[in-house]
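Coordinate inspection notes
In case you want the letters, here they are:
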Amino acid sequence: MFLDKQLQFSDSQALTATALSTNVIDLSVARSIGTGEPVAVVISVEVAADQTTGDEDYTFDVEFASDPGITTARKLIGRRIYESGTPTAPAEDADLLVAGYNIVIPLPPVSAASDERYIAVRYTLAGTTPTITVSAHLQPLSMVDVPKVSYADGYSIT
């Protein structure tokens, strides 16, 4: 997997409360991303999510905005939700958020009418003691490292 420092949102960002990614990517002008070669935001868990009290929830939002503070004309373009306990759809189980786990958020093609200049990741943490450390990058979907799974072949040769 190739990583571009200019396309990095977070580098071992330790989170204990809701925060914006350390870095905001400036696309230089409002532009449509996701058209042409598909792209994704890949969030790598470096230190497992805390679930000490069982009420910790973690939401990862990819957002566009017209300002680097990601406040003006803010648009949600991708989301993953993880909940402790028994998650409700569309959330996934926060037990997945262990060191080494990758969250892949493919970005849909955005029309010229809805594009913005800046893109960032908003980490929303809720519950009693939520903590997690992550790194995040924007990269072509074709370069996302997808783990391979092998299954039994289902036949025998006699």
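Above this text is the structure in question.
Residues numbered from 1 in each chain as written. Predicted model: local features only at pLDDT ≥ 70, side-chain atom pairs only at ≥ 80, totals over all residues. Heavy atoms only, no water.

Turning our attention to the overall build of the chain. Along its length, the chain carries 0 helices and 10 strands. With the C-alpha coordinates of the chain rotated into their principal frame, the extents come out at 60 × 45 × 30 Å. In the chain, the share of contacts with a sequence separation of at least 24, taken over all contacts with a separation of at least 6, comes to 77%. Carbon and sulfur atoms make up 55% of the accessible area of the chain, which amounts to about 8,500 Å² in all. Between the mean site of the 9 positive side-chain charges and the mean site of the 20 negative ones, the chain shows a separation of 10 Å. (Helix = DSSP H or I, 4+ residues; strand = E, 2+ residues; numbered from the N terminus. Contact = heavy atoms within 4.5 Å. Areas by Shrake-Rupley, 256 points an atom, 1.4 Å probe, with all protein chains shown as cover. Lys, Arg positive; Asp, Glu negative; His and termini not counted. Charge placed at Lys NZ, Arg CZ, Asp CG, Glu CD.)

With that out of the way, let us pick up unusual backbone geometry. Cis peptide bonds are those with omega within 30 degrees of zero, and the linkage from Ala89 to Pro90 qualifies with 10°. Here Pro90 is to be found in the loop between strand E6 (75-83) and strand E7 (92-93). Although it is not a glycine, Ile70 sits at a positive phi angle of roughly 55°. One can find Ile70 in the loop between strand E5 (57-65) and E6.

Turning next to the sheet that holds strand E1 (residues 8-15). Ordered by their spatial adjacency, 4 strands build an open sheet running E1-E10-E4-E8, and the pairing between neighbours is antiparallel. Each edge of the open sheet carries a strand with a single partner, namely E1 and strand E8 (102-107). Neighbour to neighbour, the strand axes of the sheet diverge by 15° on average, direction disregarded. Relative to strand E10 (residues 132-140), E1 runs antiparallel, the two being bridged by 5 bridges. Bridged to Ser10 within E10 is Ala136. (Pairing = 2+ DSSP bridges. Axes fitted to C-alpha atoms, helices over the stretch in contact; angles between N-to-C directions.)

Glancing now at the packing of aromatic side chains. In the structure shown here, the tally under the stated rule is 3 aromatic pairs. Where Phe60 meets Tyr123, the ring centres are 6.0 Å apart and the plane angle is 80°; that geometry is what we call edge-to-face. Here the residue Phe60 occupies a position in strand E5, and Tyr123 occupies one in strand E9 (residues 118-126), the gap between them amounting to 63 residues. Judged on exposure class, the residue Phe60 and its partner Tyr123 are both buried. Ring centres 6.3 Å apart and planes at 85° place the aromatic pair Tyr82 and Tyr101 in the edge-to-face group. Of this pair, Tyr82 sits in strand E6 while Tyr101 sits in the loop between E7 and E8; the two residues are 19 residues apart in sequence, bridging distant segments of the chain. (Phe/Tyr/Trp six-rings, centres within 6.5 Å; stacked < 30°, edge-to-face > 60°. Buried < 20%, exposed > 50% of the residue type's maximum accessible area, 1.4 Å probe, protein only.)

Moving on, we get to the nonpolar core. Ile43, Phe60, Leu107, Ile119 and Ile132 are the most contacted members of the largest nonpolar core, which has 30 residues in total. Sorting the residues of this core by element identifies E1, strand E4 (39-47), E5, E6, E8, E9 and E10 as the ones contributing at least two each. Sequence-distant contacts of Ile132, that is, excluding residues within four places in its chain, are made with Gln13, Ala14, Leu15, Val45, Val47, Ala48, Ala49, Tyr58, Phe60, Leu97 and Leu125. (Core = buried A, V, L, I, M, F, W, Y, C linked by side-chain atoms within 4.5 Å.)

On to the pairing of E5, then. Within E5, 8 of the 9 residues are buried, leaving the element largely enclosed by the surrounding structure. Inspection of the sheet shows E5 paired to E9 by 9 bridges, in the antiparallel sense. Considered in E9, the bridge of Glu63 is made with Ala120.

Turning our attention to the pattern of salt bridges. With the rule as written, the count across this model stands at 6 salt bridges. Arg117 is the salt-bridge partner of Asp26, the closest N and O atoms lying 2.7 Å from each other. Residue Asp26 is found in strand E3 (residues 25-26), and its partner Arg117 is found in the loop between E8 and E9; the two are separated by 91 residues along the sequence. Given a relative accessible area of 38%, Asp26 falls into the partly exposed group. Where Arg79 meets Asp61, a salt bridge forms, and the shortest distance between an N and an O atom there is 2.6 Å. (Salt bridge = Lys/Arg side-chain N within 4 Å of Asp/Glu carboxyl O.)

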